[in-house]
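# Understanding the architecture of this molecule
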Amino acid sequence: MAYEKFYQPLRAVNAADFHTCYYCGCVTSGEDFVPPLAEIAAYKRADSGADFIRVPACGECARVLKNCSSGQLALRVDFIKRYLNQHYAQALRVYQMWESDELAEMDAAFRISLAAGMRLGEEAQQRLDYPGFRYEVDGHKSGQVAVVAKVYAVHERTFADYKSALNYAHEESRIPKGRLAELYLQQGESFDKAIHAFQQNAAKKAFERELKDKCKVFAATHVQHPKFIERTVRQYLQQDDSLSIAAALEKLRQERFAD
Ligand SMILES: [Zn+2]
């Protein structure tokens, strides 16, 4: 195609990275055009500062990136990582949640499909974590790889991969892994905040249960409506947060029901 002459090839600096997809680390089978060939007229017209490079890519990355109109390499890296995360979400979850030694206890059919899911998930995780390689374009070498390796923190410790961090957070907190993974995302990708949120929530639920139970017993003893007792105890606790539920009930007893 005539337009291809506008694109400089992006080449790996180190021989070990030859024939490797820049985006995910798989074996190359084609090229990704940055910006895409379909957008070249618009980019040329706009004089947009697009990269105009040809990037070694595997079949899947090259195909998926046809849907990405961005003219910058870094934005295309973001695009493909988002895609991998979504497209392999189920396999990634299986890989992150399960350990190989747990498979032994499963029945054969389930074990086989789970093992396949774990393998696919592990590969997807490696592709997601792939940081790119050092390259040169037109004789100019890139300073460093585009993606900075991510670190996962749990309490005082850090982990190089999500799965190890999830396992450690699970062992430390005893929160079910599935719930922990959900909270991790809800809490801005922080294990510490996820654990804190879970414990806050658990503490709140325990408090509500205790309040209801104790007020019910108190209401029955003094022949009162439980809702009235509950409301009054909440008021006492609001006025003085050093009170326990039992102390608030005792105060109520003395003020309203003492002989
Ligand atoms: Zn790829």
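Residues numbered from 1 in each chain as written. Predicted model: local features only at pLDDT ≥ 70, side-chain atom pairs only at ≥ 80, totals over all residues.

### Remarks on the overall build of the protein
Secondary structure assignment for the protein yields eleven helices and seven strands. A compact globule built from 259 residues should have a C-alpha radius of gyration of about 18 Å, whereas the protein, at 29 Å, is more than 25% larger. Counting over 259 residues, the protein shows a buried share of 24%. In the protein, the share of contacts with a sequence separation of at least 24, taken over all contacts with a separation of at least 6, comes to 54%. (Helix = DSSP H or I, 4+ residues; strand = E, 2+ residues; numbered from the N terminus. Rg over C-alpha atoms; globule rule 2.2 N^0.38 Å. Buried ≥ 20, exposed ≤ 12 C-beta atoms within 10 Å, placed from the backbone. Contact = placed C-beta atoms within 7 Å.)

### Some thoughts on the domain arrangement of the protein
Taken domain by domain, the protein comprises domain 1 (2-147) and domain 2 (208-257). Put simply, the middle of domain 1 and the middle of domain 2, counted by C-alpha atoms, are 61 Å apart. (Domains from an automatic or database assignment.)

### Notes on the pairing of strand S1 (residues 8-12)
In terms of strand pairing, S1 meets strand S3 (residues 53-57) through two bridges, oriented parallel. Its bridge partner lying in S3, Gln8 is registered against Ile53. Sheet topology note: the S1/strand S4 (residues 135-137) ladder contains three bridges and is antiparallel. Note on S4: the bridge partner recorded for Ala12 is Tyr135. (Pairing = 2+ DSSP bridges.)

### Some words on helix H4 (residues 89-97)
Along an α-helix, residues three or four apart share an orientation, since each turn contains 3.6 residues. Looking at H4, one finds that the buried residues are Leu92, Val94, Tyr95, Gln96 and Met97. Contact partners of the buried residues in H4: helix H6 (108-129), helix H7 (162-173) and helix H8 (177-186).

### So, the sheet that holds strand S2 (residues 30-34)
Ordered in space as S2-S3-S1-S4-S5, the five strands form an open sheet in which the pairing is mixed. Each having just a single partner strand, S2 and strand S5 (140-141) make up the two edges of the open sheet. Across five bridges, S2 lies against S3 in antiparallel orientation. Looking at S3, one finds that Phe33 is bridged to Arg54.

### Here we look at unusual backbone geometry
For the bond from Val34 to Pro35, the omega torsion is -5°, close enough to zero to count as cis. Secondary-structure assignment places Pro35 in the loop between S2 and helix H1 (40-46). Unusually for a residue other than glycine, His155 sits at a positive phi of about 50°. With 12 C-beta atoms packed within 10 Å, His155 lands in the exposed category.

### Some remarks on the packing of helix H10 (residues 226-239) against helix H11 (residues 245-257)
At a minimum axis distance of 9 Å, the contact between H10 and H11 shows a crossing angle of 110°. Between H10 and H11, the angle is such that the two are roughly perpendicular. Here H10 and H11 pass one another in a crossing that is right-handed. Two secondary-structure elements touch here, H10 through Thr232, Val233, Tyr236 and Leu237 and H11 through Ile245, Ala248, Leu249, Lys251 and Leu252. For the contact of H10 with H11, the class distribution of residues is seven nonpolar, one polar and one charged. (Axes fitted to C-alpha atoms, helices over the stretch in contact; angles between N-to-C directions. Parallel < 35°, antiparallel > 145°, perpendicular 65-115°, else oblique. Left-handed = near helix turned anticlockwise from the far one by under 90°. Nonpolar A, V, L, I, M, F, W, Y, C, P; charged D, E, K, R; others polar.)

### Things to note about the environment of Ile175
Here Ile175 is to be found in the loop between H7 and H8. Judged by C-beta crowding, with 20 C-beta atoms within 10 Å, Ile175 ranks as buried. Taking the C-alpha atoms as reference points, Ile175 and Ser100, separated by 75 residues in sequence, lie 20 Å from one another. Ignoring any residue separated from it by four or fewer positions in sequence, one finds Ile175 in contact with His170, Leu180, Ile195 and Phe198.

### Structural notes on the packing of H8 against helix H9 (residues 191-221)
The contact between H8 and H9 brings their axes to 8 Å, and the two run at 115°. When the interaxial angle is binned, H8 and H9 end up roughly perpendicular. Handedness of the crossing formed by H8 with H9: right-handed. Contacts from Arg179, Leu180, Leu183 and Tyr184 of H8 reach H9 at Phe191, Ala194, Ala197 and Phe198. Across the contact of H8 with H9, the residue classes break down as seven nonpolar, no polar and one charged.

### Description of the nonpolar core
Membership of the largest hydrophobic core comes to 29 residues, with the highest contact counts inside it found for Tyr23, Cys24, Ala57, Cys61 and Ile80. For this core, the secondary-structure elements that each account for two or more residues are S2, S3, helix H2 (59-65), helix H3 (73-87) and H4. Excluding residues within four positions of it along the chain, Ala57 makes contact with Cys21, Tyr22, Tyr23, Thr28, Gly30, Glu31, Asp32, Ala62 and Leu65. Residues Tyr152, Ala165, Phe191 and Ile195 belong to the second largest nonpolar core, which totals 14 residues. (Core = buried A, V, L, I, M, F, W, Y, C linked by C-beta atoms within 7 Å.)

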